[in-house]
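Given next are the chains, with one letter for each unit.
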Amino acid sequence: MRFYGSGEKGKPVIFLFPGTCCLWTSFDHVLEELHKSFYTVVVSYDGFDPKEKTEFSSMLEECEKIEAEVRKNYGGKIKAAYGCSLGGSFVALLIQRKKITIEHGIIGSSDMDEAGPLLAKLESAIMLPILYPMVKKGELPGWMKKRMDKNADPGKKELMEKFCGMFGIGKGGCPWITKKTIRNQFYSDLVTKVDHGIAVPGTTIHVFYALKMGEKYRERYHLYFKNPDIREFDLQHEELFCCQPVRWAEEVVECCK
């Protein structure tokens, strides 16, 4: 695991957590805006960094390494943490574990899906043949590319292209990625339990709720978090982050005031 810090030291610190099978560089397009208010630290998970020969083991092992980094270099306390998709699960876990202090935890339209071990193994087995070659080669499967090319809606096509970019699609892929890394991340995210009614003194939890994901997610956020600050956007999953970086950064700053 590596931590990529940038910006002006002395400013409030925000940690940024990528989504499923995404590289730390998926935050490149928002860093300039964030640097106006924060010193940024992007987390590069085990198995997903080209400078390391590591493999992703589990969500909890990654949490321990993140906590150690915050204690060692940031006095055990940071201003904020933003989790993109799967990264939102990391933010929730770090807050509930209470090993470090996060003043503002921001959940980025995460689905917060969970499953038992058997179902999680089945889902992982189904997804691995799709995710592994796609991420490793940086290419969409033929059927997926045809479907995207047929989409006449410019807005949806832009979202899909930028969302794919976070996986390294069209950027040379990730030849160092192993099947074990992808399987472990996907499986571990499903089986690692997030507490219900998370509430930690000194921490405010914000949720960027993409309304087009469906009403069930509002209920889910209220299940996992006690009194969350839910911010609604009439958008798709992580569309605000992918397609409106300036507005996204403004919302992050507003959360932390």
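Scroll up for the structure.
Residues numbered from 1 in each chain as written. Predicted model: local features only at pLDDT ≥ 70, side-chain atom pairs only at ≥ 80, totals over all residues. Heavy atoms only, no water.

For the rest of this paragraph, the subject is the pattern of salt bridges. For the structure shown, the criterion picks out 16 salt bridges. Notably, a salt bridge pairs Lys 180 with Glu 55, separated by 3.9 Å at the nearest N-O pair. Placement of Lys 180 in helix 7 (residues 179–191) and of Glu 55 in the loop between strand 3 (39–44) and helix 2 (59–74) is noted, with a sequence separation of 125 residues between them. Residue Glu 55 is classed as partly exposed on the basis of its relative accessible area of 33%. For the salt bridge of Glu 103 with Lys 77, the shortest nitrogen-to-oxygen distance reads 3.8 Å. (Salt bridge = Lys/Arg side-chain N within 4 Å of Asp/Glu carboxyl O. Helix = DSSP H or I, 4+ residues; strand = E, 2+ residues; numbered from the N terminus. Buried < 20%, exposed > 50% of the residue type's maximum accessible area, 1.4 Å probe, protein only.)

Let's shift gears to the nonpolar core. When a protein is soluble and globular, its nonpolar side chains tend to lie buried together. Phe 15, Phe 17, Tyr 82, Phe 225 and Trp 248 are the most contacted members of the largest nonpolar core, which has 87 residues in total. Sorting elements by how many residues they give to this core places helix 3 (residues 86–97) first, with 7 residues. (Core = buried A, V, L, I, M, F, W, Y, C linked by side-chain atoms within 4.5 Å.)

A separate point is empty space enclosed by the protein. Counted by the stated rule, this structure contains 2 cavities of 30 Å³ or more. Taken as a whole, the largest cavity holds about 70 Å³ of empty space. As for the largest cavity, its lining consists of 13 residues, of which Ser 109, Phe 208, Phe 233, Glu 238 and Leu 240 are closest to the centre. Listing elements by their share of the lining of the largest cavity, those giving two or more residues are strand 6 (204–210) and helix 9 (239–243). Of the residues that constitute the lining of the largest cavity, the class distribution is 9 nonpolar, 2 polar and 2 charged. (1 Å grid on protein atoms, 1.4 Å probe; cavity = no way out; pocket = protein on both sides within 12 Å on 5 of 7 lines; lining within 4 Å. Points joined across faces, edges and corners; volume = space filled by probe spheres on them. Nonpolar A, V, L, I, M, F, W, Y, C, P; charged D, E, K, R; others polar.)

Among the structural elements, Val 70 can be located in helix 2. For Val 70, a relative accessible area of 0% puts it in the buried group. Separated by 30 residues in sequence, Val 70 and Ile 100 place their C-alpha atoms 7.1 Å apart. Not counting chain neighbours up to four residues away, the residues in contact with Val 70 comprise Phe 15, Gly 75, Gly 76, Lys 77, Ile 78 and Ile 100. (Contact = heavy atoms within 4.5 Å.)

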